[in-house]
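# A closer look at the structure
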Amino acid sequence: MSTCSRDTVVIPKTYTEYTCDDGTTSVVLKDVMQPSPDNAEILEFATWLGMDTNEHQLLWIAEEGLKTPLPQFWKPCKVVESNEVYYFNFQTGESIWDHPLDEKFKALYRRENKKRLDGRPFKKAPDDETYEFIHGHPPKKDEQKKRPSL
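Residues numbered from 1 in each chain as written. Predicted model: local features only at pLDDT ≥ 70, side-chain atom pairs only at ≥ 80, totals over all residues. Heavy atoms only, no water.

### Description of the environment of Thr8
In this structure, Thr8 sits in the segment before β1 (17-19). For the pair Thr8 and Gln91, spaced 83 residues apart in sequence, the C-alpha separation works out to 7.4 Å. (Helix = DSSP H or I, 4+ residues; strand = E, 2+ residues; numbered from the N terminus.)

Okay, structure coming up:
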């Protein structure tokens, strides 16, 4: 994956082309979060996370993964020459193939599923601790009020 670096954080507008340091051209895409994913999308993402889709009590994790916006400074981008989609952090210059929060949702699923399998209490819905686990900080007061979920 190529890296575009900048001294200041400049995020091109959606659908704008930009040239990376290595000469490749990319297009900034619209964030693909889905505020209301349908059941098929939830089940597909649950399977990708490694979940048995019969574990209905944990499907909320897949739903939250689809509904959660990208972290600050991250944008989905597409390489013009190859049409490959990747995620780019315009602050750090880091680029990755998978959504930057996918590993957090996989870890959340593994953690809650282990509790479930061990017969211990596990989360059946998102809460502030879940938010902090995913985002690395507790929700701000205004985020608690305006967010129906993560």
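### A look at the pattern of salt bridges
Scanning the entire structure with this criterion turns up eleven salt bridges. Across the salt bridge formed by Glu112 and Arg111, the nearest N and O atoms sit 2.9 Å from each other. Accessibility expressed as a relative area gives 24% for Arg111, which makes it partly exposed. For the salt bridge of Lys123 with Asp127, the shortest nitrogen-to-oxygen distance reads 2.8 Å. Classification of Asp127 as partly exposed rests on a relative accessible area of 28%. Where salt bridges share partners, they join Arg111, Glu112, Lys115, Lys123, Asp127 and Glu129 into one cluster. (Salt bridge = Lys/Arg side-chain N within 4 Å of Asp/Glu carboxyl O. Buried < 20%, exposed > 50% of the residue type's maximum accessible area, 1.4 Å probe, protein only.)

### Some thoughts on unusual backbone geometry
For Phe73, which is not glycine, the phi torsion reads 75° and is therefore positive. Among the structural elements, Phe73 can be located in the loop between α2 (59-67) and β3 (74-79).

### A word on helix α3 (residues 102-117)
Spanning 16 residues, α3 covers 22 Å between terminal C-alpha atoms, matching the ideal 22 Å at 1.5 Å per step. Buried residues of α3: Asp102, Phe105, Lys106, Leu108, Tyr109, Glu112, Asn113 and Lys115, and no others. Looking at the buried side of α3, the elements it contacts are α1 (39-49), α2 and α4 (128-135). (Expected span 1.5 Å × (residues − 1). Contact = heavy atoms within 4.5 Å.)

### A short note on the pairing of β3
By the bridge criterion, three bridges tie strand β2 (residues 25-28) to β3 in an arrangement that is antiparallel. Residue pairing in the sheet places Val28 in a bridge with Cys77 of β3. Note that β3 and strand β4 (residues 85-89) share five bridges and pair antiparallel. The partner of Pro76 across the bridge, within β4, is Tyr87. Where β3 folds back onto β4 in an antiparallel hairpin, the turn is made up of five residues, including Asn83, whose phi is positive at roughly 65°. (Pairing = 2+ DSSP bridges.)

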